[in-house]
Amino acid sequence: MATQQSTSANPKVNYEYRRKKAAEEMRKHVTSFALMIFVTLIAFIMVLAGFDKTFVYPVLLALAALQVVLQLYYFMHMSHKGHGAAALFLYSGALVAFITILTFLTIVWW
Amino acid sequence: MDAEQKFTSRTWPESPEKTTLEGKNKFLGFWLFLGGETVLFASLFATYLALKDKVPSDDHALAIDMFELPLVFIMTMLLLTSSLTSVYAMYHMKNYNFQKMKTWLIITVGLGLAFLGFEIYEFYHYVHAFEHTFTSSAFGSAFYTLVGFHGAHVVVGLGWFLLLLIRNTNRGLNLYNAPKFFVASLYWHFIDVVWVFIFTVVYLMGMVG
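Residues numbered from 1 in each chain as written. Chains lettered and ligands numbered in written order. Predicted model: local features only at pLDDT ≥ 70, side-chain atom pairs only at ≥ 80, totals over all residues. Heavy atoms only, no water.

An unreviewed UniProt entry lists chain A under the name Cytochrome B6, with Jeotgalibacillus campisalis as the source organism. The record held by UniProt for chain A lists under Subcellular location (unreviewed entry) the comment "Cell membrane". (UniProt positions renumbered as here; feature names shortened; annotations may be inferred.)

The structure is reproduced here in structure tokens:
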């Protein structure tokens, strides 16, 4: 496993590299924030436009899924290394969540 | 590495939230908790979807009669922006800038409080204008349980941030409290994740019919 601590012989170089990397990542976060705002706007406008629900429902769910992926992978850093266990826990939860909702909508309150 | 060790911005490790064993354990345990939270909210969403618009008589208001897009839009923007401001706080945490981290966390708390204010107004409005209460119908129970549970998470998130800020105001950043701030911000993002599904499934789909 790569050490988390400074490894460069010249600490100044390493420090400046890390600063630059952090600033770069922050710019990515702002970009994903802009995307989330855009996705949200599309979702609200679609409802205002009054399309048929067989068309709106799947698109709304897809937009929500896209926004959640951005939130998880950028804001919550799941795109970083060392998030295997995090992904396992979250996707296991999501699988049970999907089955729960499917069950309630099809069998329990049929 | 000693958790109370003093650092400078140059000696501060790259991933302070995962440098100590305690930090690593917190990180792992917290994601396990988030998996459980996903299941918890799934059961509430499933109940809501099954009981949506299930009212005992025709004089009860339905989702399409009550929900208003402008209010939901403002709440969504507030919570989404507060998610970004807590990312800024963690950016400054990683750069060992305690003052800026505190400033961004306080902005996050402010946005969260504004969200909560709108939610309280919303519930008050439904109760008084539509007599849509927790006990008025199965729809009402399911609605207030789902959205109220999310609101309770917002309250807990705000309290968490405030406690951390108060406890560590004069302490500065170290490897003991960095994982605490990091985990609190993860929780705050998760609250926004849940809200994305609430505004989509409850409000937008509710408005479509």
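(A) Seen up close, the overall build of chain B. Assigned secondary structure in chain B consists of six helices and zero strands. For chain B, the succession of helices and strands along the chain, N to C, is α-α-α-α-α-α. Considering only C-alpha atoms, chain B reaches an extent of 65 × 30 × 25 Å along its principal axes. Across the 209 residues of chain B, 56% fall into the buried class. Sequence-distant contacts, at least 24 apart, represent 79% of the contacts inside chain B between residues at least 6 apart. As displayed, chain B has an accessible area near 8100 Å², and 67% of this comes from carbon and sulfur atoms. Averaged over its 13 positive side-chain charges, chain B has a centre that lies 20 Å from the centre of its 15 negative ones. (Helix = DSSP H or I, 4+ residues; strand = E, 2+ residues; numbered from the N terminus. Buried < 20%, exposed > 50% of the residue type's maximum accessible area, 1.4 Å probe, protein only. Contact = heavy atoms within 4.5 Å. Areas by Shrake-Rupley, 256 points an atom, 1.4 Å probe, with all protein chains shown as cover. Lys, Arg positive; Asp, Glu negative; His and termini not counted. Charge placed at Lys NZ, Arg CZ, Asp CG, Glu CD.)

(B) Summary view of the environment of tyrosine 48 of chain B. Residue and element names in this part refer to chain B. Tracing the chain through its elements places tyrosine 48 in helix H1 (residues 21-51). Residues tyrosine 48 and valine 147, spaced 99 residues apart in sequence, show a C-alpha to C-alpha distance of 9.7 Å. When sequence neighbours within four positions are dropped, the list of residues in contact with tyrosine 48 reads Ala63, Phe67, Phe139, Ala142, Phe143, Leu146 and Val202.

(C) The arrangement of the nonpolar core in detail. Of all hydrophobic cores here, the largest spans 84 residues; its most connected members are Trp31, Phe143 and Tyr203 of chain B. Sorting elements by how many residues they give to this core places helix H6 (residues 178-208) of chain B first, with 21 residues. Inspection of this core shows a minimum of three residues originating in each of domain 1 (1-79) and domain 2 (81-110) of chain A. Contact partners of tryptophan 31 of chain B, with chain neighbours within four places excluded, come to Leu72, Met76, Met78, His83, Ala86, Phe89 and Leu90 of chain A together with Leu186 of chain B. Counting residues in each nonpolar core, the second largest holds eight residues, with Met26, Phe33 and Phe75 of chain A together with Leu84 of chain B among its members. (Core = buried A, V, L, I, M, F, W, Y, C linked by side-chain atoms within 4.5 Å. Domains from an automatic or database assignment.)

(D) Layout of the packing of aromatic side chains. Applying the stated rule across the entire model yields 29 aromatic pairs over all chains. Seen in terms of ring centroids, tyrosine 126 of chain B and phenylalanine 143 of chain B are 5.7 Å apart; in terms of plane orientation they differ by 65°. Their pairing is edge-to-face. With tyrosine 126 of chain B in helix H4 (residues 98-130) and phenylalanine 143 of chain B in helix H5 (residues 138-168), this pair connects stretches of sequence that are 17 residues apart. Here tyrosine 126 of chain B and phenylalanine 143 of chain B have matching classes, each one buried. In this structure, arginine 10 of chain B is placed above the aromatic ring of tyrosine 15 of chain A, and the distance from its NZ or CZ to the ring centre is 4.1 Å. A cation over an aromatic ring shows up here: lysine 18 of chain B above the ring of phenylalanine 27 of chain B, its NZ or CZ 4.5 Å from the ring centre. (Phe/Tyr/Trp six-rings, centres within 6.5 Å; stacked < 30°, edge-to-face > 60°. Lys NZ or Arg CZ within 6 Å of the ring centre and 35° of its normal.)

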